[in-house]
Amino acid sequence: MARHARFSPSAASRRLNCPPSLVLEEQFDEEESQYAAEGTAGHALAEHLIKKHLKIRTKRPVSDYYSDDLLEAVDEYVSFVIGEIEDARRECTTPVICVEQRVDASDYVDECFGTADAVIVTDKVAHVIDLKLGKGVPVYAEENPQLMIYGLGVLSMAELLYDVETVRLTVFQPRLNSSSTWDVTPSALKKWGEEVLRPRGAMALMGAGEFSAGAWCRFCRARNQCRARAEEFLKLAQMEFRAPALLSDEEISEV
């Protein structure tokens, strides 16, 4: 069984905003939801179809999760990736194309690695594409910590071959009809890695720093028992139910 990253890029937003959440979550068992299982099945099918296009030997996966809706979403993603592959082949004679590629950012944070859904590298651009099969909240590529970590990992490999000018990060969400792409220079990405990822990552691994509640709590395993999150909810409730600044007509009458 593959070893899991202690500092997982998929949880990067949570780790950077609330560093001690990493150690806190380690007290709870990790459980896979049916949505995560469906996503895993969808990614496996996408990998098979892209490899088939690349003429790489592959076996079609089988899953009970393959509904018409999921198959349609995967087909949209695969068509997008194939289009990017063919564009890269026209622009570069020797592009590097990887599917479900492990990328490592341990140069910045110990035990920080993950899997990029698709990576396309030309002599000028390193492109990381991330498939999101959820039906909930849109995810955007701009300053997305998970993709930026993938970008750092891909960049460290790509620069061995080419003088990369642009790191391109794309989030593709077919079920929300959403696609988001953000270009960042290698120097800007590395600066973020040094100034944000490295120090915040070190804090997370030690369980140091301040707890902070926010949108990143959504998938935290400790969310139902987290004191910081409960206190934040209490503050919001107090704001919602606090007395208005002006007296009502009834209150004026009583006074």
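Structure: see above.
Just so it is clear, the structure is predicted and the values come from calculations on it, not from any experiment.

Parameters at a glance
- Residues numbered from 1 in each chain as written.
- Predicted model: local features only at pLDDT ≥ 70, side-chain atom pairs only at ≥ 80, totals over all residues.
- Heavy atoms only, no water.
- Helix = DSSP H or I, 4+ residues; strand = E, 2+ residues; numbered from the N terminus.
- Buried < 20%, exposed > 50% of the residue type's maximum accessible area, 1.4 Å probe, protein only.
- Contact = heavy atoms within 4.5 Å.
- Areas by Shrake-Rupley, 256 points an atom, 1.4 Å probe, with all protein chains shown as cover.
- Lys, Arg positive; Asp, Glu negative; His and termini not counted.
- Charge placed at Lys NZ, Arg CZ, Asp CG, Glu CD.
- Expected span 1.5 Å × (residues − 1).
- Patch = residues over 30% accessible without salt bridge, like charges linked within 9 Å, V, L, I, M, F, W, Y side chains within 5 Å.
- Salt bridge = Lys/Arg side-chain N within 4 Å of Asp/Glu carboxyl O.

(A) View of the overall build of the chain. In terms of helices and strands, the chain carries eight helices and five strands. In sequence order, the secondary structure elements of the chain are arranged as α-α-α-α-β-β-β-α-β-β-α-α-α. Overall, the chain is about 85 × 45 × 35 Å in size when its C-alpha atoms are taken along their principal axes. For the chain, the residues scored as buried account for 41% of the 255 residues in total. In the chain, 70% of the contacts between residues at least 6 apart in sequence involve partners at least 24 apart. A total accessible area of about 15200 Å² is found for the chain, and carbon and sulfur atoms account for 50% of it. Between the centroid of the 29 positive side chains of the chain and the centroid of its 42 negative side chains there is a distance of 6 Å.

(B) Here's a closer look at unusual backbone geometry. A positive phi angle, close to 55°, is found at Glu143, a residue other than glycine. Owing to a relative accessible area of 55%, Glu143 belongs among the exposed residues under this scheme. The residue Asn177 is not glycine, and still its phi comes out positive at about 50°. Inspection of the secondary structure assignment puts Asn177 in the loop between β4 (166-173) and β5 (178-184). Given a relative accessible area of 70%, Asn177 falls into the exposed group.

(C) View of helix α4 (residues 68-91). Here α4 contains 24 residues, and its C-alpha end-to-end distance of 35 Å stays within 8% of the 34 Å for a straight helix at 1.5 Å per residue. Burial in α4 covers these residues: Leu70, Ala73, Val74, Tyr77, Val78, Val81, Ile85 and Ala88. Contacts from the buried residues of α4 go to α3 (34-53), β1 (96-104), β2 (113-121), β3 (125-131) and β4.

(D) Quick look at a negative patch on the surface. A grouping of Asp68, Glu72, Asp75 and Glu76 is seen on the molecular surface, where their side chains present a negatively charged patch. In this structure, Asp75 sits in helix α4.

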